[in-house]
Amino acid sequence: MTLEIPRGARHILETLLRGGFEAYLVGGCVRDLLRGVPPHDWDICTSARPEETEDCVAGRRMIETGLRHGTVTVLGEGTVCEVTTYRAEGPYSDGRRPDYVRFVSSLERDLARRDFTMNAMAVDLEGNLRDPFGGMADIRGGLIRCVGEPGRRFREDGLRLMRALRFSAELGYEIEEQTAAAIHENRAMLECVAAERINGELNRLLVGQNVGEVLRRYPDVFCQFWPQLEPLVSLEQNSPWHCWGGWEHTIRGVEAASDHVVLRLAMLLHDIGKPGSRFTDENGMDHFYGHAAAGAQLAGQMLRMLKFDSKTRERVVALVERHDVQIPCQDRAILRWLNRLGEEAFFQLLEVKRADSMGQAPELAGERLAKLEKMRTRAEELIAQGRCFSLKNLAVNGRDVIAAGVAPGPAVGRALNGLLEQVLSGQAPNEREALLKLL
Ligand code: ATP
Ligand code: MG
């Protein structure tokens, strides 16, 4: 087998071999090479102890990443390589990390501690594959399968559950039956996993090509770290707009949104306020008055719980809060909303509304989608024409206002905002002379 191994990694492998040690590429990079996609990071495992590795690669830049765990990061020739001594893991008592690691002498034992068969392969410089658990066959079959007994592996480390879902979403692979059953069974292990780690996997999962199927099959896992999802998963909605229940509608919205984490999160949470706002009228019809505002509040809590950064959180909350506002397709309304949200968030809102419609009864969604597309095109035209929707493109600035006799200080801002308001409402043209006269 000939593989594209970057020079930096090749040199480290050669150096270790010359030093009399065994050395292999291992883990994610082998998986990706075999799948025919470029790896994004490089891991090497070796029989050399960390100090021996350091001696071998002396002269190159190194970071002693986790000497205790046997890892040395070696930089150079455009690659970053993590070089780790063959190791086995001691017992797990906290459901997340081994109590200690032990250096071992065989590659096989090192591979056995790894999570999934596709991640438990190694390849040497000649391209010889070491695959004791059938990882290659599982890659061919598109299957994610635990190395060893799945239940035990998930109980050792709860993060593996999220990794399985994330790989399934990213690669479009199915989770093998027994592995899948063990995920459902052991989902409570997520309690042992730090919010930041769940966050990291969730981010990648959400932008994965197969995110919809993962949400469909593992709602219980998502409810484990976000119990607020439970009522949405079981929500039925009897309304002409909806031919699906709350969860399937949500999933279709997530699938329809482009693969940006803010948009995917906004779609996942856009109707989170619905169960609490449900009102069934005398005809048996469901209404969800106020669900967007209630949802924004819940979404904020949920994102905080999982330690999302404030920029992501605030944007997602803003989108959830406004996902069902009606924006008339008129220049004045478009400019007003551009002013209110800013360009980026405005277009994200249109995208959220589009994705939301894609999850609604198809016979009714068509018209909404056409209107949204028209609005998007018009907004782009207005921006290209330099139409005014913020102080940035108002025809007068602070200096003009001061020159016209307004006292420097807060009054300047008030005057400018007053003028912008008149422009936005169509009472004044965005022209210098006219605006100065208005002052
Ligand atoms: P990617 O880099 O695309 O996220 P990866 O498989 O390389 O995927 P890493 O987190 O870089 O993931 O880990 C490198 C390797 O270490 C994995 O391929 C796997 O063999 C092993 N590994 C990582 N995390 C775990 C874990 N929680 N339990 C067991 N083995 C793990
Ligand atoms: Mg990796």
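Residues numbered from 1 in each chain as written. Chains lettered and ligands numbered in written order. Predicted model: local features only at pLDDT ≥ 70, side-chain atom pairs only at ≥ 80, totals over all residues. Heavy atoms only, no water.

Moving on: the overall build of the protein chain. When helices and strands are tallied, the protein chain shows 23 helices and 13 strands. If one aligns the C-alpha atoms of the protein chain with their principal axes, the spans along those axes are about 85 × 60 × 40 Å. Considering only contacts within the protein chain whose residues lie at least 6 apart along the sequence, 63% involve residues at least 24 apart. Accessible surface, the protein chain: about 20500 Å² in total, of which carbon and sulfur atoms supply 48%. Across the protein chain, the mean location of the 56 positive side-chain charges is 4 Å away from that of the 63 negative side-chain charges. (Helix = DSSP H or I, 4+ residues; strand = E, 2+ residues; numbered from the N terminus. Contact = heavy atoms within 4.5 Å. Areas by Shrake-Rupley, 256 points an atom, 1.4 Å probe, with all protein chains shown as cover. Lys, Arg positive; Asp, Glu negative; His and termini not counted. Charge placed at Lys NZ, Arg CZ, Asp CG, Glu CD.)

Right, let's get into helix 18 (residues 331-341). For helix 18, the complete set of buried residues consists of Ala333, Ile334, Leu335, Trp337, Leu338 and Leu341. Structurally, helix 18 contributes buried residues whose contacts are with helix 17 (310-322), helix 19 (343-358), helix 20 (362-384) and helix 22 (410-424). At the exit of helix 18 stands Gly342, carrying a positive phi of roughly 85 degrees. (Buried < 20%, exposed > 50% of the residue type's maximum accessible area, 1.4 Å probe, protein only.)

Around ligand 1, the structure places 16 residues, and the nearest of them are Arg31, His40, Asp157, Arg160 and Arg204. In this structure, a nitrogen atom belonging to ligand 1 sits 2.8 Å away from a side-chain N or O atom of Asp157. Arg204 has a polar side-chain atom sitting 2.8 Å from an oxygen atom of ligand 1. Those elements that place two or more of their residues in the shell around ligand 1 are helix 2 (28-35) and helix 7 (159-171). A class-by-class count of the residues in the shell around ligand 1 yields one nonpolar, four polar and 11 charged. (Near = heavy atom within 4 Å. Polar contact = N/O pair within 3.5 Å; in protein donor to acceptor, adjacent residues only side chain to side chain. Nonpolar A, V, L, I, M, F, W, Y, C, P; charged D, E, K, R; others polar.)

What follows is about the nonpolar core. Leu25, Phe222, Trp226, Leu229 and Leu269 are the most contacted members of the largest nonpolar core, which has 120 residues in total. The dominant element in this core, judged by the number of residues it contributes, is helix 7, at eight residues. Among all residues touching Phe222, those that are not within four sequence positions of it are Leu165, Leu202, Leu205, Val214, Leu215 and Leu229. (Core = buried A, V, L, I, M, F, W, Y, C linked by side-chain atoms within 4.5 Å.)

Our next topic: helix 9 (residues 195-206). Here helix 9 is 12 residues long and its end C-alpha atoms lie 16 Å apart, about the 16 Å a rise of 1.5 Å per residue gives. All of the buried residues in helix 9 are Ala195, Ile198, Asn199, Glu201, Leu202, Leu205 and Leu206. Buried residues along helix 9 sit in contact with helix 7, helix 10 (211-217), helix 11 (219-225), helix 14 (261-269) and helix 16 (291-305). (Expected span 1.5 Å × (residues − 1).)

Below, the discussion takes up the pairing of strand 2 (residues 42-46). For strand 2, a buried count of four out of five residues is recorded, marking the element as mostly surrounded by other parts of the structure. Relative to strand 5 (residues 79-85), strand 2 is paired through five bridges, and the arrangement is parallel. Along strand 5, the bridge assignment pairs Cys45 with Thr84. (Pairing = 2+ DSSP bridges.)

Tracing the chain through its elements places Asn203 in helix 9. When its relative accessible area of 21% is taken as the criterion, Asn203 is described as partly exposed. As for Asn203 and Arg264, which are separated by 61 residues in sequence, their C-alpha atoms are 9.2 Å apart. Excluding its chain neighbours within four sequence positions, the residues that come into contact with Asn203 are Val261 and Phe308. Within the local environment of Asn203, its side chain forms a polar contact with the side chain of Asn199, the two groups lying 2.5 Å apart.

Interhelical geometry of helix 18 versus helix 19 gives an angle of 115 degrees and a closest axis separation of 7 Å. For the crossing formed where helix 18 meets helix 19, the hand is right-handed. Residues Ile334, Trp337, Leu338 and Leu341 of helix 18 pack against Glu343, Ala345, Phe346 and Leu349 of helix 19. Looking at the contact of helix 18 with helix 19 residue by residue, the class counts come to seven nonpolar, no polar and one charged. (Axes fitted to C-alpha atoms, helices over the stretch in contact; angles between N-to-C directions. Left-handed = near helix turned anticlockwise from the far one by under 90°.)

Time to look at the packing of aromatic side chains. Evaluation of the coordinates by the stated rule reveals five aromatic pairs. With 5.6 Å between their ring centres and 55 degrees between their planes, Phe225 and Trp226 make a pair best called tilted. We classify Phe225 as buried; its relative accessible area is 6%. The class for Trp226 is buried, based on a relative accessible area of 0%. Feature note: the residues Phe222, Phe225 and Trp226 constitute an aromatic cluster, connected by ring pairs. For the cation-ring pair, Arg166 lies above Phe167, with the distance from its terminal atom to the ring centre recorded as 4.2 Å. The ring of Phe288 is capped by Lys274, whose NZ or CZ atom sits 4.7 Å from the centre of that ring. (Phe/Tyr/Trp six-rings, centres within 6.5 Å; stacked < 30°, edge-to-face > 60°. Lys NZ or Arg CZ within 6 Å of the ring centre and 35° of its normal.)

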